[in-house]
Amino acid sequence: MKIQRLLLSLAALSMWTASAQVSIPILNPKFEMDVLTCAPGYNCFQSGITGWIDGPGTGLGKYSATQFPGTPPTGVYVASIGNSATSGSILQTLGATVQANTTYILTLEVGARADYVFTGYLAALLAGNVTLVSGHRATPVGGNFVTEAVAYESGATPAQLGQPLQILITSTGAGTVDIQNVALTAIPTAQ
């Protein structure tokens, strides 16, 4: 049923022109606002990510080709969520609110380091701390990123109408998940 909703949402997306889509601002969606001066690698890490509330075992990583082959020599920035001792999370409350008759599409790149256990994850779009939609289908192989997309159709009278939108990403199990390029798009739907 969820897959059918996603396919219907993506079909609706293809019917609208690009001008009807609205990109909802996210602070630090590529995790590049903080500059780490250390050499890229597994130990180039800091707790805290500008714009995001991070849970235990979570922070900003600047990784090298050892973690993600094909990475440029300057490294790649990621939100590194969880570790072998604890699961972790990142959360951001956005300035936009739930509107009626709108499809919201949350996309993000989910990565698995080549040198560490991939733990699994849950990516969710919330409003007023209530989950609207979530996903955990992307399964990257070590050293790669894959794209996750989840869609929520608000309908004419959504229960969370006017509530602030939130993005929550959590790791599951003992290991880590690395995240890049978080985006949220709103598309008006027919009334």
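Enquirer: I'd like to hear about the pairing of strand β8 (residues 121–127), residue by residue, with values.
Expert: Counted residue by residue, β8 has six buried out of seven residues, so it is predominantly covered. The turn joining β8 and strand β9 (residues 130–135), which pair antiparallel and follow one another in sequence, is formed by two residues; a positive phi near 60° is taken by G128.

Enquirer: Can you explain the state of the cysteines? Please cite residues and give values.
Expert: Inspection of every chain in the model, using the stated rule, returns one disulfide. Two residues, C38 and C44, share a disulfide whose sulfurs are 1.9 Å apart. Looking along the S-S bond of the C38-C44 disulfide, the torsion reads about 75°, which is the right-handed sense. C44 gets classed as buried once you look at its relative accessible area, which sits at 0%.

Enquirer: Tell me about the pattern of salt bridges, and name the residues and values.
Expert: Counted by the stated rule, this structure contains two salt bridges. Put simply, E148 and R137 hold a salt bridge, and the shortest N to O gap is 3.7 Å. With E148 in strand β10 (residues 144–153) and R137 in the loop between β9 and β10, this residue pair connects regions lying eleven residues apart in the sequence. For E148, a relative accessible area of 3% gives the class buried. When its relative accessible area of 39% is taken as the criterion, R137 is described as partly exposed.

Enquirer: Hey, could you go over the sheet that holds strand β11 (residues 164–171) for me, with residue numbers and the actual values?
Expert: Taking strand neighbours across the sheet as the criterion, the five strands line up as β3-β6-β11-β8-β9 in an open arrangement whose pairing is antiparallel. In this open sheet, the two strands that pair with only one neighbour each are β3 (53–54) and β9. Of the strand pairs in this sheet, β8 and β9 are connected by five bridges, and their pairing is antiparallel. Across the sheet, the residue bridging to A124 is S134, located in β9.

Cut-off values and rules
- Residues numbered from 1 in each chain as written.
- Predicted model: local features only at pLDDT ≥ 70, side-chain atom pairs only at ≥ 80, totals over all residues.
- Heavy atoms only, no water.
- Buried < 20%, exposed > 50% of the residue type's maximum accessible area, 1.4 Å probe, protein only.
- Helix = DSSP H or I, 4+ residues; strand = E, 2+ residues; numbered from the N terminus.
- Pairing = 2+ DSSP bridges.
- Disulfide = S-S within 2.5 Å.
- Salt bridge = Lys/Arg side-chain N within 4 Å of Asp/Glu carboxyl O.

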